Amino acid sequence: MNAKLQPAPEPQAVSRADFDDLLVPVYAPSQVVPRRARGLWLQDQQGVEYLDLTSGIGVTSLGHAHPAVVQALQAQAEQLWHVGNGYTNEPVLRLASLLTGATFADRAFFCNSGAEANEAALKLARRHAALKHGDAKRRIVACQQSFHGRTLFTVTAGGQPKYTEGFEPLPPGIGHVPFNDIAAAEQAMGDDVCAVIVEPVQGEGGVLPASHEYLQALRRLCDRHDALLIFDEVQCGLGRTGSLYAYMHYGVEPDILTTAKALGNGYPIGAMLTRHDLATSLSVGTHGTTYGGNPLACAVAAAVVQIIQAPAFLTRVGQAAERLHAGLQQLLGDFPGLFTQVRGRGMMIGLVLDAAQQGRAKEFTRAAEQERLMLLIAGPNVVRLLPPLVISDAEIDEALLRLRATARRFLAPQS
Ligand SMILES: *Cc1c(COP(=O)(O)O)cnc(C)c1O
């Protein structure tokens, strides 16, 4: 069975400049080109070390190259890579069992990204309504400033016009209401609504937690109008807020939940979780994807979920988040005129820039890079932190030191 192993060719030398010559320019990456990483520490091509508070945008929650995750991938790579959905496989069955065992859901659909998970959720809602109500129930209610992915359906559900401009005509039947506004939601609801989609904590839109009352009101409105409540937990799920899924913290149960990002800790995978009575609306052949339930992805995700769902792990996330929030509050006080607010939940944190610093969030992350610290933004006025959930107390303190150095650099008069 074994072909004779050929030595791998020497890898070609590449640099950041190649990006501009070779890639479709939808990103503007940093000049830093990471080469290798362990835990929270990332090394660039020159061997310079950075402390990562981004988790690759909420993905590597267990840190880079977590031993149990590496082990799961390597073990599966020796067993079976892919069979296609004409066959099921052991890892997908184990992962489905883990996710349904840990949540409200008893059915799972697997795909490759957050956008695909939301695409499946929205398609399920439309189809379920079509089967139950004919064509009288097509409308979807979403929130302004929300983010649900980049397929045409999900980008239209997302409430950020800058992401849909030039891609028209957009799929019809999707309306937007202001986030956390109960009266606006009441006004927008009707019997023609098949689904409401919401992020329990808005991520890209500025790190804004929903209020308890808001999610409760959405639940009540969906029940009243026989609409499905979809929670997009692609960013806020899997321990990020301190509970396995954010809905558990709120005590409001959705009909459909989407999860991705941290699910594979860097190996692409997404999932839509729902109940049996709804799942049957997607019968054989009505939806699917080649890689959905891929054994490699599912073996990795099962290792991730097993670690994150442990009560002791989630308790530690809460403690770490408290220490970080306390340090950030202190930073706020020590640098007046920089940030006005630390907001978010658990390890999903937004630092809101003072009016005097409007539009400078990206600049702040560039200054942080000079201090060997990696940060994110959420819009032009919010610096976003999504630290790996495995961050140690020593790493939290080091991050706070580097944030202070960044603040001094950022506020220093330009010479
Ligand atoms: C990142 C994100 C998505 C999209 O996920 P992709 O894997 O990039 O398709 C959807 N919803 C939320 C809340 C996200 O943060």
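Residues numbered from 1 in each chain as written. Predicted model: local features only at pLDDT ≥ 70, side-chain atom pairs only at ≥ 80, totals over all residues. Heavy atoms only, no water.

*Asks:* Any chance you could break down the side chain of Gln202 for me, citing the residues and the numbers?
*Replies:* Here Gln202 lies in strand E8 (residues 201–202). A relative accessible area of 1% places Gln202 in the buried class. Leaving out residues up to four positions away in the same chain, Gln202 has contacts with Cys143, Gln144, Gln145, Ser146, Phe179, Val207, Leu208 and Met348. (Helix = DSSP H or I, 4+ residues; strand = E, 2+ residues; numbered from the N terminus. Buried < 20%, exposed > 50% of the residue type's maximum accessible area, 1.4 Å probe, protein only. Contact = heavy atoms within 4.5 Å.)

*Asks:* Describe in detail the packing of helix H12 (residues 311–334) against helix H14 (residues 393–411), supporting the description with residues and values.
*Replies:* The description of two helices packed together rests on the angle between their axes and the distance between the axes. Taken N-terminus to C-terminus, the directions of H12 and H14 make an angle of 20 degrees; their axes are 10 Å apart at the nearest point. Classified by the interaxial angle, the pair formed by H12 and H14 is roughly parallel. Remark: the crossing between H12 and H14 carries right-handed chirality. Taking contact as the criterion, the partners of Arg316, Ala320, Arg323, Leu324, Gly327, Leu328, Gln330, Leu331 and Asp334 in H12 are, on H14, Asp393, Ile396, Asp397, Leu400, Leu403 and Arg404. (Axes fitted to C-alpha atoms, helices over the stretch in contact; angles between N-to-C directions. Parallel < 35°, antiparallel > 145°, perpendicular 65-115°, else oblique. Left-handed = near helix turned anticlockwise from the far one by under 90°.)

*Asks:* Lay out the domain arrangement of the chain in plain terms, naming residues and giving numbers.
*Replies:* Segmentation of the chain into domains returns domain 1 (16–65 + 311–411) and domain 2 (69–308). Relative placement of domain 1 and domain 2: their C-alpha centres are 26 Å apart. Remark: the boundary between domain 1 and domain 2 carries one salt bridge. Its salt-bridge partner being Arg384, residue Glu204 comes within 3.4 Å of it at the nearest N-O pair. Counting every contact that joins domain 1 to domain 2 gives 14 residue pairs in polar contact (both at pLDDT 80 or more). Listing elements by their share of the side of domain 1 that touches domain 2, those giving two or more residues are helix H2 (55–58), H12, strand E13 (339–345), strand E14 (348–353) and strand E17 (382–385). Partitioning the side of domain 1 that touches domain 2 into residue classes produces 16 nonpolar, nine polar and three charged. (Domains from an automatic or database assignment. Salt bridge = Lys/Arg side-chain N within 4 Å of Asp/Glu carboxyl O. Polar contact = N/O pair within 3.5 Å; in protein donor to acceptor, adjacent residues only side chain to side chain. Nonpolar A, V, L, I, M, F, W, Y, C, P; charged D, E, K, R; others polar.)

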